[in-house]
Amino acid sequence: MNYIVLVKQVPDVSQITDNAFDPETGNLMRGKLATVINELDAQALALANRMVTLENNPKSKVIALTMGPPMADEVLKYSLARCADKAVLLTDRALGGADTVATANPLAFAVRKIAADMDMKDDYIIISGMQSVDGDTAQVPAQLAEELNVPCIAYATNVQYKDGEFEFETAISGGKQIVKAKTLPAVITVSKYEELLFPTIAKTRWANDFETLTYTADDIKATQIGVKGSKTRVIRVFPPPKTQRKCQQVNSVQEFADLIKESCKKDDGVESATDAKKADYILPKLRTNKFDRGYEGTIKEIEEYEILARLLKENGVKSTSDVTDEIKAKLLKSKEIKLNPRTVDALISAFDAKDPAYQGQVWVMAEINHDGKSCTAATFELIGKARHLADSLNTQVGVMLAGANVKHFSDGLIHGGADEIYVIEDEILSEFDPWPYRKAVAEVVDKYKPQIILYAATHQGRVLAPMVSYRLSCGLTADCTSLDIRDSSRKGEVAVLMQTRPALGGNVMATICTKESTCQMATARPGVMQKMDPDTSRTGKIIECEVNVSQEDRSIEIVDTQIGGGAVNFDADVIISAGRGLTDKSSFDNVLDDMTASIAKLGVKTERGASRAAVEQGYIERLYQVGQTGTAVGPQVYIALAISGAIQHMIGVENSQTIFAVNNDPQASVFHQCDYYMVGNVEKIVPELTQLLGGK
C-alpha cells in the first residue's frame with residue numbers, strides 16, 4: 001500500500017494583526033505573514049505514518065503532495081523530515097487564484113499522475129487534513145474524491161488494521177463510527193490525530209538534500225485550473241467587525257448572579273423570527289425608481305450609483321436612452337466621482353440590468369437526527385433563511401428530504417416554512433454514505449434546477465455539499481454566517497447570492513458569490529440562522545422523487561455506530577458549558593449539575609455543554625460538545641465555565657444573546673468575547689453563585 005498525503009503551507013493565523021490588512025482595500029496582505037504547515041495536514045502525516053507501521057510492509061511508501069508557489073517546497077521538506085519517502089510539488093502560475101474546485105481538480109490529476117508514474121495501480125490511499133486553516137472550507141478533499149470517483153471517509157480520528165483492512169474511527173454528529181472503504185483507492189480526511197512526529201537530525205539533512213519532483217500544469221493536464229476554472233469569486237475580504245460584546249469584568253458574585261437572572265428574563269417585546277424575515281431585497285423590475293441601485297454587493301458600489309443617479313437626474317435624464325455624448329462629457333468632468341469613458345458606459349449600461357441571473361426555487365437539504373425521530377434544528381434554521389431569500393426573489397422554498405421512510409417528516413418541514421418537499425426514499429439511503437447520497441441528490445437537483453441550495457455545515461453537510469456541487473459543476477461557499485441577495489450590476493449579475501463567511505480561523509471575513517454555475521450552493525453554520533415560528537396552518541406540496549441508486553453505489557462499510565446516550569436540547573434558553581480547566585470529571589459533573597439545576601429554577605429551559613478539550617479529556621460525551629467542531633448554538637444566555645475561549649469554540653457560540661464567563665486566567669481569550677466575566681476559581685465561585693441563583 002502507498003499513501004499520498006496532501007499537505008499545505010498556510011499563513012500563521014496567530015500572527016494576524018491590523019497591520020496585515022491593506023488600509024485602502026481592507027484586503028489581507030498574505031506576504032506579511034509567516035507560513036507554517038497546516039496543522040491538520042501534519043496530523044494526516046502522522047496518521048499515514050501510523051498506517052505504514054500497522055501494515056508493516058517495507059514496500060509501503062508515503063508521498064507528500066502540495067500545490068503552491070515554489071516556496072511551498074518548505075512544507076515538503078517538513079514532511080520528508082518527519083515520515084515522507086517522496087515529495088511532489090505542483091507549481092505553475094496558471095494554477096494561481098483558484099477556488100476549491102480549481103484546487104481539487106489539479107490535485108486529483110496530480111494524484112493520477114503519481115499513481116501512474118509509480119505504478120501504484122489501485123493500492124493507494126489519499127490522506128488529507130479535513131480542512132486548512134486559511135480556507136476552513138473542508139471542500140477540497142471531498143471534491144478531489146468526486147473527481148477521482150473514489151470513496152471519501154471524513155473526520156477520521158484513529159485507525160486500526162484488521163484482517164488485512166484498515167478500519168477508521170470517524171467523528172459524526174453526537175458520536176462516532178467505525179468505517180472502512182469498500183474499494184480502493186480512497187480519500188481519508190483527518191479531523192484529529194494527535195500523535196506527534198518529530199524529525200531526526202539525519203532525516204532533516206536527508207530532507208534538505210532531497211530533490212523534490214516538480215509537476216507543472218502541462219504535466220498533469222487538469223481540466224479546471226486557476227481563476228478561469230473556479231466556480232466562485234471573492235467580492236471582498238475584510239477584518240471581522242469589532243466585538244459588540246460588553247466585555248465587562250464583574251468582581252462581586254452577587255452582581256454576577258443578578259446579571260444572569262436579568263438576562264434569563266423573557267423579553268416579550270423582542271421581534272419574533274417570523275417578523276424578522278421580511279424581505280430586504282427588491283428585484284429591479286419592482287423598484288419604483290429605475291435608477292435605484294441600492295442593493296449592490298459593496299457600499300462603494302452603492303455610493304457610486306447614488307451619485308451617478310443624482311447627476312443623471314440633474315441633467316434631465318429619465319432613462320438610459322436619454323444619455324447623450326454631451327451628458328457623458330459632463331459626467332467625466334464631475335468632481336464628486338472619478339470616472340473614465342469606459343466606466344461611464346459600464347455604469348450606465350448597468351442601470352438596464354433587470355433580469356435575475358438565476359431562476360428557480362430556493363432549496364434546503366434536510367438532515368435527520370441520528371435517532372431517526374426528527375429533522376435537525378439546523379434544517380429549520382435554513383428553512384427560515386430560505387424563506388427570507390425566496391420572498392425577496394418572489395419564488396418558493398423547496399426542501400430535499402432523503403433517507404429510508406422519511407416522508408412523514410414533510411408536514412413539519414412545511415409548517416417550518418417550506419412550500420414543496422422533494423422526498424427521496426430508498427433503503428440504500430438508510431445510513432449516510434456519501435456516494436449514494438450525492439448521486440441521488442444530484443439527480444433531483446439536475447431535474448428540478450433550483451437557483452439556490454443551502455446545506456447545514458455539519459459533519460454530513462460538509463461532505464455531501466462539496467461532492468454534489470462538484471458533480472453538478474456548481475459553485476459552493478462553506479460555513480456561511482450571512483446570506484443575502486444583492487446585485488453586481490456592472491457585471492450584469494442581478495439578484496445573486498452574496499455569501500459571507502469567516503476565514504483564517506475567524507481572523508478575516510470574505511464575501512463570495514458563485515460564477516459560471518447553474519445553481520448557487522452554500523453551507524451555513526448551525527445556530528447562526530433563525531428558524532421561523534411553526535405555523536400548523538401552512539400547506540404545501542409533496543413531490544416523490546425516484547432516483548437511480550443501488551448496492552453498487554455503496555462506498556463504505558459501517559462497522560459500528562456509537563451515539564451518545566440521552567437527548568441533548570441545544571434549543572434551550574440557557575446553555576452552561578464547562579471546560580478542561582476543571583480538575584477532574586467529578587468536579588466537572590458537579591459544577592454543571594449545580595448550575596443547570598439552579599438556573600432551571602428561574603423558569604427557563606437549560607442544557608449542559610462542553611468544550612472540545614473537556615470531551616477529549618473524557619469528562620463528558622461528544623454529544624454535548626459546543627463549538628465549530630461540535631454544535632453551534634445560539635441560546636438566550638450562554639455561560640462558559642473554565643473555558644479558555646479558543647476561536648473554534650467562540651465561533652460556535654457567537655449567536656448567543658448574552659455570554660457569561662468564569663476563568664482563573666485573567667488573560668483568557670474568552671474575556672474578550674463575552675458580555676460579563678469573573679476572574680477566579682470556578683470550583684469556588686460556582687457554589688456561591690448557585691446559592692444566589694436559588695440553590696440546587
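Look up a bit, the structure's there.
The sections below set out a description of the structure shown in this document. (Residues numbered from 1 in each chain as written. Predicted model: local features only at pLDDT ≥ 70, side-chain atom pairs only at ≥ 80, totals over all residues. Heavy atoms only, no water.)

### Let's talk about the side chain of S517
Within the secondary structure, S517 sits in the loop between β21 (508–514) and β22 (520–524). Residue S517 is classed as buried on the basis of its relative accessible area of 13%. At a separation of 3.0 Å, a polar atom in the side chain of S517 contacts the main-chain carbonyl oxygen of K515. Once you skip the residues sitting within four places of it in the chain, S517 turns out to touch K231, Y358, S473, C474 and G475. (Helix = DSSP H or I, 4+ residues; strand = E, 2+ residues; numbered from the N terminus. Buried < 20%, exposed > 50% of the residue type's maximum accessible area, 1.4 Å probe, protein only. Polar contact = N/O pair within 3.5 Å; in protein donor to acceptor, adjacent residues only side chain to side chain. Contact = heavy atoms within 4.5 Å.)

### Some remarks on the pattern of salt bridges
One pass over the structure, following the stated rule, counts 33 salt bridges. Here D134 and K8 are joined by a salt bridge, their closest N and O atoms 3.0 Å apart. Of the two residues, D134 is situated in the loop between β6 (124–129) and α4 (140–148) and K8 in the loop between β1 (2–6) and β2 (9–11); the sequence distance between them amounts to 126 residues. A relative accessible area of 8% places D134 in the buried class. Residue K8 is classed as partly exposed on the basis of its relative accessible area of 31%. Among the ionic pairs, D675 bridges to R245, the shortest N-O distance being 2.9 Å. (Salt bridge = Lys/Arg side-chain N within 4 Å of Asp/Glu carboxyl O.)

### Remarks on the sheet that holds β6
Ordered by their spatial adjacency, 10 strands build an open sheet running β11-β5-β4-β1-β6-β10-β7-β8-β9-β24, and the pairing between neighbours is mixed. Taken across any chain shown, the strands that pair with only one partner, and hence form the sheet edges, are β11 (213–215) and β24 (556–563). When the angles between neighbouring strand axes are averaged without regard to direction, this sheet yields 30 degrees. Direction of pairing for strand β7 (residues 152–162) relative to strand β8 (residues 165–172): antiparallel, over a ladder of six bridges. Each residue of the ladder has a partner; that of Q160, found in β8, is E167. In the packing of helix α1 (residues 39–55) onto the sheet, contacts are made with β1, β4 (61–67), β6, β7, β8 and β10 (186–190), and the angle to β6 comes to roughly 150 degrees. (Pairing = 2+ DSSP bridges. Axes fitted to C-alpha atoms, helices over the stretch in contact; angles between N-to-C directions.)

### Examining the packing of aromatic side chains
Evaluation of the coordinates by the stated rule reveals 15 aromatic pairs. Judged by centre distance (4.2 Å) and plane angle (20 degrees), the rings of F671 and Y677 are stacked. Exposure class is identical for F671 and Y677. Each is buried. Grouping aromatic residues by their ring pairs yields a cluster made of Y3, Y161, F166 and F168. A cation over a ring is seen here: R82 above Y78, with NZ or CZ 3.7 Å from the ring centre. (Phe/Tyr/Trp six-rings, centres within 6.5 Å; stacked < 30°, edge-to-face > 60°. Lys NZ or Arg CZ within 6 Å of the ring centre and 35° of its normal.)

### Digging into unusual backbone geometry
The residue after L184, namely P185, is reached through a cis peptide bond having omega 0 degrees. Within the secondary structure, P185 sits in the loop between β9 (175–181) and β10. Of note in this structure, K221 is not a glycine but carries a positive phi near 55 degrees. For K221, the position within the fold is in the loop between α6 (217–220) and α7 (226–229). Phi is positive for K449, close to 50 degrees, though the residue is something other than glycine. Tracing the backbone through its elements, the reader meets K449 in the loop between α15 (434–448) and β17 (452–456). Residue K449 is classed as exposed on the basis of its relative accessible area of 52%.

### Here's the deal with the sheet that holds strand β23 (residues 541–544)
Taken in spatial order, the seven strands line up as β18-β22-β17-β14-β15-β16-β23 in an open sheet, and their pairing is parallel. Either end of the sheet is taken by a strand with one partner, and the two such strands are β18 (475–480) and β23. For this sheet, the mean angle separating the axes of adjacent strands, direction not counted, is 20 degrees. Alignment of strand β15 (residues 397–403) against strand β16 (residues 420–425), held across six bridges, turns out to be parallel. Each residue of the ladder has a partner; that of G398, found in β16, is E420.

### Brief notes about the packing of helix α8 (residues 253–264) against helix α20 (residues 682–693)
Across the interface, α8 lies against α20 with an axial gap of 9 Å and an inter-helix angle of 55 degrees. Relative to α20, the element α8 lies oblique. Considering how the two elements wind past one another, α8 and α20 form a crossing that is right-handed. Between α8, through V253, Q254, F256, A257, I260 and K261, and α20, the contact on the second element is made entirely by I685, E688, L689, L692 and L693. (Parallel < 35°, antiparallel > 145°, perpendicular 65-115°, else oblique. Left-handed = near helix turned anticlockwise from the far one by under 90°.)

Everything listed is a geometric property; what it means functionally is a separate question.
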